[in-house]
Amino acid sequence: MSTETTNTNNHRRSRPSPGLIAIKCLVILYDVITFPIYYLIQRPWIRLRKANRVRSEREDPNDLHSPYVRTGQRVEHYVTKCQTIPEAQRMSLEKNGRNRPALGFREILGEEGERQSNGKVFMKWRLTDYQWLTIGDVDDQIGDIARGLLTNGVKPKDTVLILADTRLEWFLSAQAIVRIGASIATLYVSLGDDGLIHGINETEVKHIITTQDMLAKLAKMKTKIPLVNTVIYIEGPKALNGIDFGDDIKLVPFKEMVSQGQAAPKSLVGVDPTPDDVAVILYTSGSTGTPKGVVLTHKNFMASVSSVLTILDHKIIRNADKHRFMAYLPLAHSLEFCAETFFFSVGVRMGYGTANTLMDSGTAIRRGDKGDLTLLKPTIMPSVPLILDRIRKGVFEVMEKRGQFTKELFNYALNYKAYWRLRGMDTPIVNKLFCSKVRAQVGGELDIMIVGGAPLSPETQKIMQAALNCKLLQGFGSTETSAASIIMDFDDMSYGKVGAPLFGIKTKMIDWPEGGYRVTDKPYPRGELIIGGDHIATGYYKLDKQTEEEFEDKDGLRWFTMGDIAEVDEKGVFKIIDRKKDLVKLQFGEYISLGKVEAELKNSRLVDNVCVYGDSMHSNLVALVLPNAKSVRKLAQELDLNQLNDKPLPELYDDRRVMDAVLKELIQFAVDSRLHKMEIPTKVKLVSEEWTPANDLITAALKLKRKNIQNFYQKDIDAMYGKSSPVSNNNHINNNNNVNKNHININNNNRIIAVN
């Protein structure tokens, strides 16, 4: 009854070792003997019945264009009655009491250098364990910050910019800003200077709340942001030296502002916002150009917050004091801000962390110290696909170091667990022997992981859900829809789908004939997604034309055109199958989804990130690959090119033999992943530059900035398409089973047999 093992590390269909074959035989015997017992104890028919229920349906069953709405009964909760963020603050205090722990943080005591084995010295943080503020403490601090802001000249209806990474002070400041009736503006700290200047000037902010490490950047652009008169900075572990803002901009330490608020009379208050007042202007990460400010009212934002109860209802609410949320994704993103507001409102503890301190192996964690996850032991954690891909590859790298048999056994165990999960059953022995070690890397108590921000490959979803032994829920939405609009629920066992609309949200599809998608398609309707509800933003800040193009008021609702192509199955569960902006038409008229191809290729052991490119004047795709350095060096060893492993990465990646071997393995991987031959890149360029928000090649949400990547690598792209090139591989896919010069040949079993 066990399932065939698939090598998730590199998709090579190698023959299992004799030891693994013996274990498989024992497992089959064990399954036969124990199945009746497990069947009666676990009662899988109940899980399967829940998994197969209808989750959404058309309002008008006879109209194919009718919007889909969630089935079932909406949970009643005090959060659903809150129409402004300050109302949710007050209700949290009233319902949960002053003494419940609410927000946790680790204080940075200082920095110290740590010498590595290669002689390099890395700076590490000296951190405390988690310290906790109660709900009462949080309410007091929000009040102090609110009065401090008023003391420093902030007025109701003003806009205050928060420019900082996710941290306790970010959340407290945001809550204080809306408490006095002002509006929040957010920008990603990773934006380039032009993006920051654009957002600061467009919002006409006078006050900026930031961190000490951002002061130097702001000081350099002070002449280009003439309206700013006050910068409030959250102090860092180092002394502040050499920062000059001149006489026109007042520099205020955050703790000093809090002290000013504590000394101010309690009667110093702002104005309660109304539901139609602007709560936040969230700037996008600029993946397709200049960042746009998305305007969300309190009504929009709280509609999104309350819709989370669709999935996190009694499972969370009844045991709120037993859950812990790991807060580390950018608060400048609507998903994180919405999630944190929800969990604070319902009384779930939140612990703040950073990308550099999350794991015990974090770059800022001293040797022997514990990472945020180990100390917090979260039960709920958000993630994005790129982070999950990295965790998965890291796990399999560890297994590979322990030997081929260990890797095969671990991979078999995860596939075995995934096999039985789809049949409504659990695998307690696998959970204990294999999953517990992976779960320990995320604290050991993770129950729910919510993933969004980009497409998650079904393979990563299947393997990581099995490895972490948690409920991995994929969602879908955008800043314009105040975060998630569609999300999986706990009973959904599918892979590669994003679930059904949340309560209060309507989702419909329209035909896109040019791409070949229609709501009349069989077996499932397909089309471009349009989402409507109270959570839809009022529009783009000071961009009336773009607002008119993408937003619409119809049938008493606000609607937003997503630009994504979806299909919906018989249970009312949606799957994102394409994105208009990621589609490219090749020379003979074929539409190819670049995002789909990239999501599959990122599962390869050789790939850390990839950007696929298609030119409408050509019939093939090409790919820019940011390789996994360890895997490429191992590949060089497999090719008996050990001398290359002493070379710098650019020289290793430019070697003809390495490039050809990488291309061959990637093509085989793509074939094994069932990509169509037109979807498989026929040429690759291995790049050594890291793709980071700092160099503007990916966004703060880790999405590709396609245009920027194209501009940066235009010469390499031209070379792959036949112009004079430093790129040496000149291979094409040939499915005719003939060996021709400069072709990769694939036999009848879909295996690559030669590269000439």
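Computed from a predicted model, the values in this text were never measured in an experiment.

Scoring rules and cut-offs
- Residues numbered from 1 in each chain as written.
- Predicted model: local features only at pLDDT ≥ 70, side-chain atom pairs only at ≥ 80, totals over all residues.
- Heavy atoms only, no water.
- Pairing = 2+ DSSP bridges.
- Helix = DSSP H or I, 4+ residues; strand = E, 2+ residues; numbered from the N terminus.
- Contact = heavy atoms within 4.5 Å.
- Axes fitted to C-alpha atoms, helices over the stretch in contact; angles between N-to-C directions.

### Side note on the sheet that holds strand S7 (residues 159–163)
What the eight strands build is an open sheet, ordered S11-S10-S9-S7-S8-S12-S13-S23; its pairing is mixed. Looking at strand neighbours, the two that pair on one side only are strand S11 (250–253) and strand S23 (539–540), the edges of this open sheet. Note: strand S12 (residues 278–283) against strand S13 (residues 293–297), five bridges, orientation antiparallel. Bridging from a neighbouring strand, Leu282 pairs with Val294 of S13. Against the sheet, helix H8 (residues 254–263) makes contact with strand S9 (207–211), strand S10 (230–234) and S11, and its axis sits at roughly 80° relative to S11, the strand it touches most.

### Focus: unusual backbone geometry
Cis geometry marks the peptide bond from Lys522 to Pro523; its omega dihedral reads 0°. With respect to the helices and strands, Pro523 occurs in the loop between strand S21 (505–510) and strand S22 (526–533). Of note in this structure, Lys157 is not a glycine but carries a positive phi near 80°. Structurally, Lys157 can be placed in the loop between helix H4 (135–151) and S7.

### A few points about the sheet that holds strand S31 (residues 683–686)
The strand order across the open sheet formed by three strands is S29-S30-S31, and the pairing between neighbours is mixed. A strand with exactly one partner marks an edge of an open sheet, and here the two such strands are strand S29 (607–614) and S31. Taken pair by pair, the neighbouring strands of this sheet meet at an average axis angle of 25°, ignoring direction. Both S29 and strand S30 (residues 621–627) contribute to a ladder of seven bridges, which runs antiparallel. Across the sheet, Tyr613 pairs through a bridge with Val622, a residue of S30. Across the face of the sheet, helix H21 (residues 656–672) comes into contact with S29, S30 and S31 while running at roughly 125° to S31.

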